[in-house]
Amino acid sequence: MTQTQDDPDEERHPLLARLQQAAPFLIGIALFAAGLGALFHLLAPIHLHKVIADAKQMPVTALLGALAATAAGYTALIGYDWSALRHIGKKLPFPVVAVGAFLGYSLGNTIGISVLSGGAVRYRIYSAYGINALEVAAISTFVSLAFGVGISVIGLASLVFHPGALTGIFGISPERMRLIALVALVLTVAVLGAASLAGRTLRLWRLELRAPSPGILLGQLAFTATDTCFAALALYVLLPQGAPDFVTFLVIFATATMTGVLSHVPGGIGVFESVVITALPASVSVEQAAVALLLFRMIYYLVPFILAMILISANEARLARGPLARMLGDVSDTMAPISRVLTTVAPGAAGATVLGLGIYLLLVALMPSVRPHEVTPNVVTAILLEGGAVLSAVLGVIMILLAQGLMRRISAAFWLTEAALIAGAAASLLNGLNFVAAGVLIGGAVLLWPIKGEFYRAARLTQNLLSPGWFALIASITLSAMVFWVLMDGHALHSGLLLRFSAEANAARALRAGLVASALMTFALIYIAMQPARGKSVTADAEAMARVRDIVARQDQPLANLALTGDKTFFFSETGDAFIMYAVQGKSWIAYSDPVGPKAAVRDLAWAFFDAAFAAGCRPVFYEVSDAYLPIWVEMGMTVNKIGEEATVHLPAFSLAGQKYKAMRAAYNKLEREGISFELAAPPHSPELLARLKDISDAWLASRRGREKRFSVGRFSPDYLQGFRIALIKREGRVVAFANLLETETKAGATIDLMRFGPDAPANVMQFLFIALMEQLRDEGFAQFSLGMAPLAGLEVKYGARLWNRFGSILFKYGRSFYNFAGLRAFKQKFGPDWRSRYFAVPGSLAPIAALRDVTLAISGTARGSGKTR
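The model shown is predicted, which means the values in this text are computed figures rather than measured ones.

1. Things to note about empty space enclosed by the protein
So, point 1. Applying the stated rule across the entire model yields two cavities of 30 Å³ or more.
So, point 2. Here the second largest cavity is characterised by a volume of approximately 50 Å³.
So, point 3. Lining the second largest cavity, in full, are Gln557, Leu559, Ala560, Ser593, Asp594, Val596 and Arg838.
So, point 4. Of the residues belonging to the lining of the second largest cavity, the class tally is three nonpolar, two polar and two charged.

2. With respect to the packing of helix α3 (residues 60–87) against helix α4 (residues 94–108)
Each pair of packed helices gets described by two things: the angle between the helix axes and the distance between those axes.
So, point 1. Close contact between α3 and α4 brings their axes to 8 Å; oriented N to C, the two are set at 115°. For α3 against α4, the interelement crossing comes out right-handed. Here Tyr74, Leu77, Ile78, Tyr80, Asp81, Trp82 and Leu85 of α3 lie close against α4, whose contacting residues are Phe94, Val97, Ala98, Ala101, Phe102, Tyr105 and Ser106.
So, point 2. Of the residues contributing to the contact of α3 with α4, the split by class is 12 nonpolar, one polar and one charged.

3. Thoughts on the packing of helix α9 (residues 214–236) against helix α12 (residues 286–319)
So, point 1. Close contact between α9 and α12 brings their axes to 8 Å; oriented N to C, the two are set at 130°. For the element pair α9 / α12, the angle class is oblique. Judged by residue contacts, Asp227, Ala231, Ala234 and Leu235 of α9 engage Ala292, Leu293, Phe296 and Tyr300 from α12.
So, point 2. Residues belonging to the contact of α9 with α12 are distributed by class as follows: seven nonpolar, no polar and one charged.

4. Section: the pattern of salt bridges
So, point 1. A full pass over the atoms with the stated rule returns 16 salt bridges.
So, point 2. A salt bridge links arginine 692 to aspartate 760, with the nearest nitrogen and oxygen atoms 3.7 Å apart. Of this pair, arginine 692 sits in helix α24 (residues 687–703) while aspartate 760 sits in the loop between β12 (750–757) and α26 (765–780), and the two are 68 residues apart along the sequence.
So, point 3. Residues participating in the shared-partner salt-bridge network are Asp567, Lys568 and Arg715.

5. Considering helix α14 (residues 336–365)
So, point 1. Helix length check: α14 (30 residues) gives 43 Å between terminal C-alpha atoms against 44 Å at 1.5 Å per residue, within 8%.
So, point 2. For α14, a buried count of 24 out of 30 residues is recorded, marking the element as mostly surrounded by other parts of the structure.

6. A short note on unusual backbone geometry
The phi angle of most residues is negative, glycine excepted, and most peptide bonds adopt the trans form.
So, point 1. The linkage connecting proline 683 with the following residue, proline 684, adopts the cis geometry, with an omega of 5°.
So, point 2. Even without a glycine there, the phi angle at glutamate 624 is positive, about 60°.
So, point 3. Tracing the sequence through the fold places glutamate 624 in strand β7 (residues 619–625).
So, point 4. Taking the relative accessible area as the measure of exposure, glutamate 624 reaches 10% and is therefore buried.
So, point 5. One non-glycine residue, asparagine 764, lies in positive phi territory at about 65°.
So, point 6. If you trace the backbone, asparagine 764 turns up in the loop between β12 and α26.

7. So, a nonpolar patch on the surface
So, point 1. On the surface, Val60, Leu64, Leu67, Leu294, Met298, Leu302, Val303, Ile306, Leu307 and Ile310 cluster together to form a nonpolar patch covering roughly 830 Å² of accessible area.
So, point 2. For the nonpolar patch, the secondary structure elements donating two or more residues are α3 and α12.
So, point 3. Looking at the nonpolar patch, the element that brings in the most residues is α12, giving seven residues.
So, point 4. Examined against the element boundaries, valine 60 turns out to sit in helix α3.

8. Side note on the packing of aromatic side chains
Between two aromatic rings, the relevant description is the distance of the centres plus the angle of the planes.
So, point 1. Going through the model one piece at a time under the given rule, you end up with 36 aromatic pairs.
So, point 2. Ring geometry for phenylalanine 249 versus phenylalanine 253: centroids 6.4 Å apart, planes at 45°, classification tilted. Of the two residues, phenylalanine 249 and phenylalanine 253 both sit in helix α10 (residues 246–263), four residues apart, roughly one turn of that helix. As far as burial versus exposure is concerned, phenylalanine 249 and phenylalanine 253 are alike and both buried.
So, point 3. Ring centres of phenylalanine 622 and tryptophan 633 lie 4.2 Å apart, and the angle between their planes is 25°; this geometry places the pair in the stacked category.

9. Things to note about the environment of methionine 789
So, point 1. Summarising the element assignment, methionine 789 is placed in strand β13 (residues 784–791).
So, point 2. Using a relative accessible area of 17% as the deciding quantity, one classes methionine 789 as buried.
So, point 3. A sequence separation of 39 residues divides methionine 789 from lysine 828, and the C-alpha atoms of the two residues are 9.2 Å apart.
So, point 4. Beyond its immediate sequence surroundings of up to four residues, methionine 789 is in contact with Glu624, Ile643, Gly644, Glu645, Glu646, Leu824, Lys828 and Arg838.

10. Description of the pairing of β12
So, point 1. By the criterion of burial, β12 is predominantly enclosed, with six of the eight residues buried.
So, point 2. Here six bridges tie strand β11 (residues 734–743) to β12, and the two strands are oriented antiparallel to one another. From the neighbouring strand, alanine 739 faces β12, where its bridge partner is methionine 755.
So, point 3. A loop of six residues connects β11 with β12, the two strands running antiparallel in sequence, and lysine 747 in this loop sits at a positive phi of about 60°.

Parameters and conventions
Residues numbered from 1 in each chain as written. Predicted model: local features only at pLDDT ≥ 70, side-chain atom pairs only at ≥ 80, totals over all residues. Heavy atoms only, no water. 1 Å grid on protein atoms, 1.4 Å probe; cavity = no way out; pocket = protein on both sides within 12 Å on 5 of 7 lines; lining within 4 Å. Points joined across faces, edges and corners; volume = space filled by probe spheres on them. Nonpolar A, V, L, I, M, F, W, Y, C, P; charged D, E, K, R; others polar. Axes fitted to C-alpha atoms, helices over the stretch in contact; angles between N-to-C directions. Helix = DSSP H or I, 4+ residues; strand = E, 2+ residues; numbered from the N terminus. Left-handed = near helix turned anticlockwise from the far one by under 90°. Contact = heavy atoms within 4.5 Å. Parallel < 35°, antiparallel > 145°, perpendicular 65-115°, else oblique. Salt bridge = Lys/Arg side-chain N within 4 Å of Asp/Glu carboxyl O. Expected span 1.5 Å × (residues − 1). Buried < 20%, exposed > 50% of the residue type's maximum accessible area, 1.4 Å probe, protein only. Patch = residues over 30% accessible without salt bridge, like charges linked within 9 Å, V, L, I, M, F, W, Y side chains within 5 Å. Areas by Shrake-Rupley, 256 points an atom, 1.4 Å probe, with all protein chains shown as cover. Phe/Tyr/Trp six-rings, centres within 6.5 Å; stacked < 30°, edge-to-face > 60°. Pairing = 2+ DSSP bridges.

Quick look at the structure:
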C-alpha cells in the first residue's frame, strides 16, 4: 500500500525516530550500569564466593526474624490500598483488598515489567469489583505518594534524634544535620496538615487527587511507619555485631530507599546497596554488609514473589477440578472474581519466574568456587563438571529467551521450558552435584505445571524478541553476569586460563561457560534479527476478496460486509478461516469491528495481529468493537474505551401497532398516501438505476459540503453496490432515496451502510425506509436489525470517571455545532431498540485521543500513515 506522511512529527529521520523510541530503554540500561558500577567499586576488595559461603552460615534465628519482619511489613502494605480506597470513597471486602495489595506488591515490586506492575495487577483485580481505570490510577498514585512522603517523614524524624547517622555520606556536622532535618520535617508536616485540613486538590497530568482527610492522613502515616520499620528490621536482624542501633539504622535505610527510588534505577539495584554499605560504620565490614543485603533481597522480595506464584499455581489447580479442588472446595462468591483474574496474571508471572530461574542457572554456571569439592579429581570428573557448567549456561540462556514466549501464552514455550528445567536440574547435578540448584529447578517445573492450560497460542517464539524493552532486559542480564563473574573469580584472570582442564579448574570452567552463554545469546539475537518479517497481511486483491466474501457469508455479523469496500487490508488466521480488516494510519494498525470468523479462531488471530503490529513498529488499535471479545483486549493489556452505543431491533417482535408508535404509524401512512413506495432491489443492478443513485449521492454530498468517507463506512461505487440488495424509496416511480443492505446468509442480522436521499425526497423519508425495510426483513426471517451506532452515547461521568468519558459526555450534550449526537440517538430511540456498547481498545500507554486522531484520519481519507503494510 502506498502511504504518505500525515503530520510533521512523523517526517523525522527514521534513525532519529528509532532513537527517540529507544531512549527510555537506553537511559534505563545506563542507570542500571551506573548502579552496578557503584556496587562493583564497593565490592571490588572482596570475593563474592566468600559472601555466598558466609550467607549459607547465617544463623537460623536471624533468617526467621527477617521472615517474620517481612510478613509484618507486607501486612502493613495492605493499609496503603485500604487507605487509598477510603480516600476515593470506595469500599471492598477486606479479603479482596488484602489479596489485591499482596499480589500488587509481591509481583510488581519484584519484577517491574509492565504486565506485572503493581498498577496492572491492581487494575485486573479491582476492576473485577467495579473500580474503573481512573480510580485504580488514583489508588496507585496515592500509594506512591504515601510511600514517598511517609518514608521521608520517618527518615527526617529519625535523623533529628540521630543526626550522626549520615555523617559518613554527606560530611555534615551532626548539629547542622539535625537542624536541616528538623526544618525539613516541620515544613513537610505543615504542608501536609494544611492541605489535609483545607481539602486541597493535587493535579498530576490527567489525574486529580484530593489531599486525604486528617484521619486518613494520620492512618496512612502509621501504615507507612509500620511498613518502613519492619522492612528495615528485616535487614537489621541480618547484620552482624557492631551494627548501629536500630533508630540510627532506620535513617540509613530510609535514605537508601529514597535514593534508590529517585535514581530511577530499576529496583534501586546497586544504589540502595551502595548507600547502605557507605553509611554503615567501620565496625561492619563490607563483606558482612554484602551478606546481609544479599539475604535481604532474597527474603523481602523473592520469598513474597514465590508465595504469590504458589497462590497462582494453586488457583489453576483448583480451577482444574483436581484433588486440590476437592480438598479446598469451591471458591466463595466474594473471591470468585479474584480467582478468575489470577488466570490472566498467570502467564506473566510464569514468564517472570522462568526468567529468574534462567538467570539463576546462568549464575550457577559462573559460581565455581561454591560448588562441592568432595569429588575425586580425575578425567571423568573433569568431563562431567565441564559438561555440566556449559550445559547450565546454555540452558540458562534458553530459559531467558523462552520467558517472553510464556508471557505471550505460547504453547511451545511452555513445553520447551518444562524440558529446559528438567535438563537444567540434570546439568546442575553434573556441575558438581549441586543438589540445591537441581531442587530449585525441579520445584519450578512442578510449580508451572498446573498453569499449562493458560498457554494455548501457536505462535512463533521469536516474535517481538528484539523489542526495545526486551533488548534492555537482555543487556542488563548480560552486564550483571559479567560483573558477577569478575567479582567471583576476577583474581584468576591471566593468560592460559581458558586452557586449564581439570576437576580443580573451577575458574577456567566458569569462564568457558560464560563465553559459551554469551556466544549463544549473541548468535541467537543476530539470527532472530536477520529473519525476514513473516506477516499474514494481504491487500484487497481479487483472491483475497474471494476468501473474505466466503468467510463473511458464513458468519452472523452484518458489519463484516464492510470488508468488501476495497479500502482495507486483511490479516488472516493461520487456517485462513478468519480475518481482521484494518488500515495503517500513522503509527497505528487500526482494526475495524470484531474479528470475523469462527469464535475459536479469534483469540489466536487477535494475538497474532497484536504481535505483528508491534513487530512492524506500530501500535494495534481495535476500533468500534463489541463486548464479545473484551476479555481478550484486557488480556493484551489494552485500555478499553467506550465510544458509543449500537441500536438493535429484535425483528420478530417489531410492529407499529399500539399507542407507543402512533405518531410513527401516522407519518408512515401519510407518505404512502402521497405516493411514496418501498422496494428492495436485488443485484445485479441496471446501469440506469446506478446512474440515478449516483445523482442522488452527489446531491446529498453537495448539500452537506462533504465528501466520501472510508474505512468505517462504504463509499458510493457501482462495483461495491453491485454486491448488495438496495432499499429504494420511490415517489411516483422515481427513486428519491436509497440505502444498501448489509446482510449475511445466516439471517442472524442486517444493517445498512450508505443511506442517502435527494432534494426531492419528502420529510421523514428515512424513517419510512427503516420501517418498510425492517418489516420486510422480519417477514423474510431475519433475527435483528441494527440501526447503527450513536457516537458518544452512554458514557458515564460519575466521580472518578475517565477524562475520555467526561470529554465525550460534554461533546454528546453540547456538541451540536459539530454533530447532532443527541439528536441521532433520539431518532433511533423511537424504534424501541436494545442498546449495546461499542468500544475502541488501545495499548495501555497510548492516550485514547491520540489513537482517535489516527482513526479520524483513516475514516476521512485525507492523509495516509507512514506505517508499512506487510
